Amino acid sequence: MNISEVARIAGVSPATVSRALNHPEIVKPATLQKIRRVIQELDYTPNPAAQALMTGKFHLVGLLVPNLQNAFIAQLALGVEEYLLEHGYTALICNSHEKLEREKYIVRSFLQRRVDGIIWAYPHDTSIKDLKLPAVLVGPQKMYPKGNYDCAEIDEERIIQLSVARLYSRGHRKIAAIAGDENFAVSTVRLQYLKGELTKLGLELPPEYVVYGSYGSIESGAQAMEKLLTLRDRPTAVIAFNDMIALGALKALIVHKIRVPEEMAVIGADDIPFAKHFSPGLTTIRAPGFDLGREAARLLVSRLNYPNKPRQNVVIPVSLVARNTD
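Values in this document were obtained by computation on a predicted structure and should not be read as measured data.

S.K.: Help me out: how do you make sense of the overall build of the chain in this one?
M.R.: If you tally the helices and strands in the chain, you get 11 helices and 12 strands. Its C-alpha atoms put the chain at 80 × 40 × 30 Å along the principal axes. Counting all 326 residues of the chain, 52% fall into the buried class. For the chain, the share of sequence-separated contacts (at least 6 apart) that also reach a separation of at least 24 residues comes to 71%. Here the chain displays about 15,400 Å² of accessible surface, and carbon together with sulfur accounts for 51% of that area. If you average the places of the 39 positive and of the 34 negative side-chain charges in the chain, the two averages end up 3 Å apart.

Structure (structure tokens):
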């Protein structure tokens, strides 16, 4: 069974069947319905290689993420995958394990595999040379070259504003930060915003109040909190740059029998599914990773269909989820 046979039975040209398969939006509804009925009756499956020869598209998108052990990143990947499947694309998902050299290798592999486009989430290398393919960057837009690619990000500034305002309203004046990998742009950006927000309130962020961990590791959050607990002048509150880190920080506080939030308050970011089930329930900033993934995929599909349209930068809003750790 081939495309010509489908066309003969449907009473249309092979070119019309090709358009129905690859660009259904430009085919008349009645014709499209007729072609789809024939395809269903014949159980016809288009040959991907043949489609690629006709359209120049393999309907394959490369998704590069830093660490799928990070629940937020896993949600992002699910959002990307769902949107792509709805629009006839398959996601090729690769995990860099937060390593720059592995990122470079994966990008080269995507190019060799002839993907139609790339979604690159939270890259280490913020210079981003010409990828020679449609691409969407996920992460803080201010760190990427202006105008080169479509971008999608969580409202990073608002995450920090909500966290600082919440802790300040609770009477905290000694606020520390546990970031993820210091080589990630998101760590740099959030620290910049944090210093700015504290300065507005007449507060400081001493160097010893900034500790780094890993966005995909609960244990790194525990280790970071252990460092903060050794300080002679301890902070009274901690802003963890994601929930994985925050849960690790809480684990260390529980081990040391430090009361939360009476002796130490903790705020996370992302609102991963486990955050509300932990005891005590984690106060956090909801950053919808699934929605971010869908939006990134939407930007890429739109770029593939309309290559000359103006570049877009999309910011996903966030909100405070108050529980029991602040």
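Let's pick the thread back up.
S.K.: Quick question: what am I supposed to make of the sheet that holds strand E12 (residues 319-321) here?
M.R.: Working definition: the strands of a sheet are paired by backbone hydrogen bonds and lie parallel or antiparallel to each other. Read across the sheet, six strands follow the order E7-E6-E8-E9-E10-E12 without closing on themselves; strand pairing throughout is mixed. Taken across any chain shown, the strands that pair with only one partner, and hence form the sheet edges, are strand E7 (210-212) and E12. Sheet twist, expressed as the average angle between the axes of neighbouring strands with direction ignored, equals 20°. Sheet analysis places strand E9 (residues 265-270) next to strand E10 (residues 283-286), joined by four bridges and oriented parallel. Pairing of isoleucine 267 across the sheet is with threonine 283, part of E10.

S.K.: How should I be thinking about the packing of aromatic side chains in this particular structure?
M.R.: Here a ring pair, both rings aromatic, is described through the centre-centre distance and the interplanar angle of the planes. One pass over the full model with this rule turns up three aromatic pairs. The positively charged end of arginine 173 is found above the aromatic ring belonging to tyrosine 168, 3.6 Å away from the centroid.

S.K.: Just to check I follow, could you spell out the pattern of salt bridges for this structure?
M.R.: Side chains bearing opposite charge may pair, as long as their charged atoms lie close to each other. The final tally for this structure, using the stated rule, is 15 salt bridges. Arginine 190 is paired through a salt bridge with glutamate 156; the nearest N and O atoms lie 2.5 Å apart. Taken together, the residues arginine 190 in helix H8 (residues 185-200) and glutamate 156 in helix H7 (residues 156-169) connect sequence positions 34 residues apart. Glutamate 156 sits in the buried class, given a relative accessible area of 2%. Across the pair aspartate 326 and arginine 170 runs a salt bridge whose closest N-O atoms are separated by 3.6 Å. In this pair, aspartate 326 sits in the segment after E12 while arginine 170 sits in the loop between H7 and strand E6 (175-179), placing the two residues 156 residues apart along the sequence. Exposure remark for aspartate 326: the relative accessible area of 7% places this residue in the buried category. Residues joined by salt bridges that share partners form a network here, namely Glu82, Glu86 and Arg294.

S.K.: So what exactly am I meant to see when it comes to the layout of surface pockets here?
M.R.: Over the atoms, a rolled probe matching the size of one water molecule traces out where space is still vacant. Of the pockets and cavities examined, the second largest pocket occupies roughly 260 Å³. In terms of lining, the second largest pocket is formed by 13 residues, of which the most central are Lys104, Val107, Trp120, Lys129 and Leu131. No other element matches the six residues that helix H6 (residues 100-112) contributes to the lining of the second largest pocket. Here the lining of the second largest pocket is composed, by residue class, of six nonpolar, no polar and seven charged.

S.K.: Help me understand the nonpolar core, please; the structure alone is not making it clear to me.
M.R.: Of all hydrophobic cores here, the largest spans 83 residues; its most connected members are Leu76, Ile119, Tyr122, Ile154, Met225, Leu253 and Leu292. Membership of the second largest hydrophobic core comes to 15 residues, among which are Leu64, Ile106, Leu131 and Tyr144.

S.K.: Explanation requested: the pairing of strand E1 (residues 60-65) in the structure shown.
M.R.: On any regular strand, side chains alternate: one points to one face of the sheet, the next to the other face. With five of its six residues buried, E1 lies for the most part within the structure. Bridge count between E1 and strand E3 (residues 117-121): four bridges; the pairing is parallel. If you follow leucine 63 over to E3, its bridge partner there is isoleucine 119.

S.K.: Quick question: what am I supposed to make of the sheet that holds strand E4 (residues 135-138) here?
M.R.: Taken in spatial order, the six strands of this open sheet run E2-E1-E3-E4-E5-E11, and their pairing is parallel. Strands with a single pairing partner mark the edges of an open sheet, and in this sheet they are strand E2 (90-95) and strand E11 (313-316). Pairs of neighbouring strands in the sheet enclose a mean axial angle of 15°, with direction left out of account. Where strand E5 (residues 150-154) meets E11, four bridges bridge the pair, whose relative direction is parallel. If you follow alanine 152 over to E11, its bridge partner there is valine 314. Taken strand by strand, H6 contacts E1, E2 and E3, and its axis lies near 180° from that of E1.

S.K.: Whenever I open this one, the packing of helix H5 (residues 71-86) against helix H11 (residues 289-305) confuses me. Can you help?
M.R.: How two helices pack is summed up by the angle between their axes together with the distance between the axes. With their axes 6 Å apart at the nearest point, H5 and H11 run at an angle of 40° to one another. Taken together, H5 and H11 sit at an angle that is classed as oblique. Note on packing geometry: the crossing formed by H5 with H11 is right-handed. For the pair H5 and H11, the contacting residues are Phe72, Gln75, Leu76, Leu78, Gly79, Val80, Glu82, Tyr83, Leu84 and Glu86 in the first and Gly289, Phe290, Leu292, Gly293, Arg294, Ala297, Arg298 and Val301 in the second. Of the residues assigned to the contact of H5 with H11, the class counts are 10 nonpolar, four polar and four charged.

Definitions and limits used
- Residues numbered from 1 in each chain as written.
- Predicted model: local features only at pLDDT ≥ 70, side-chain atom pairs only at ≥ 80, totals over all residues.
- Heavy atoms only, no water.
- Helix = DSSP H or I, 4+ residues; strand = E, 2+ residues; numbered from the N terminus.
- Buried < 20%, exposed > 50% of the residue type's maximum accessible area, 1.4 Å probe, protein only.
- Contact = heavy atoms within 4.5 Å.
- Areas by Shrake-Rupley, 256 points an atom, 1.4 Å probe, with all protein chains shown as cover.
- Lys, Arg positive; Asp, Glu negative; His and termini not counted.
- Charge placed at Lys NZ, Arg CZ, Asp CG, Glu CD.
- Pairing = 2+ DSSP bridges.
- Axes fitted to C-alpha atoms, helices over the stretch in contact; angles between N-to-C directions.
- Phe/Tyr/Trp six-rings, centres within 6.5 Å; stacked < 30°, edge-to-face > 60°.
- Lys NZ or Arg CZ within 6 Å of the ring centre and 35° of its normal.
- Salt bridge = Lys/Arg side-chain N within 4 Å of Asp/Glu carboxyl O.
- 1 Å grid on protein atoms, 1.4 Å probe; cavity = no way out; pocket = protein on both sides within 12 Å on 5 of 7 lines; lining within 4 Å.
- Points joined across faces, edges and corners; volume = space filled by probe spheres on them.
- Nonpolar A, V, L, I, M, F, W, Y, C, P; charged D, E, K, R; others polar.
- Core = buried A, V, L, I, M, F, W, Y, C linked by side-chain atoms within 4.5 Å.
- Parallel < 35°, antiparallel > 145°, perpendicular 65-115°, else oblique.
- Left-handed = near helix turned anticlockwise from the far one by under 90°.

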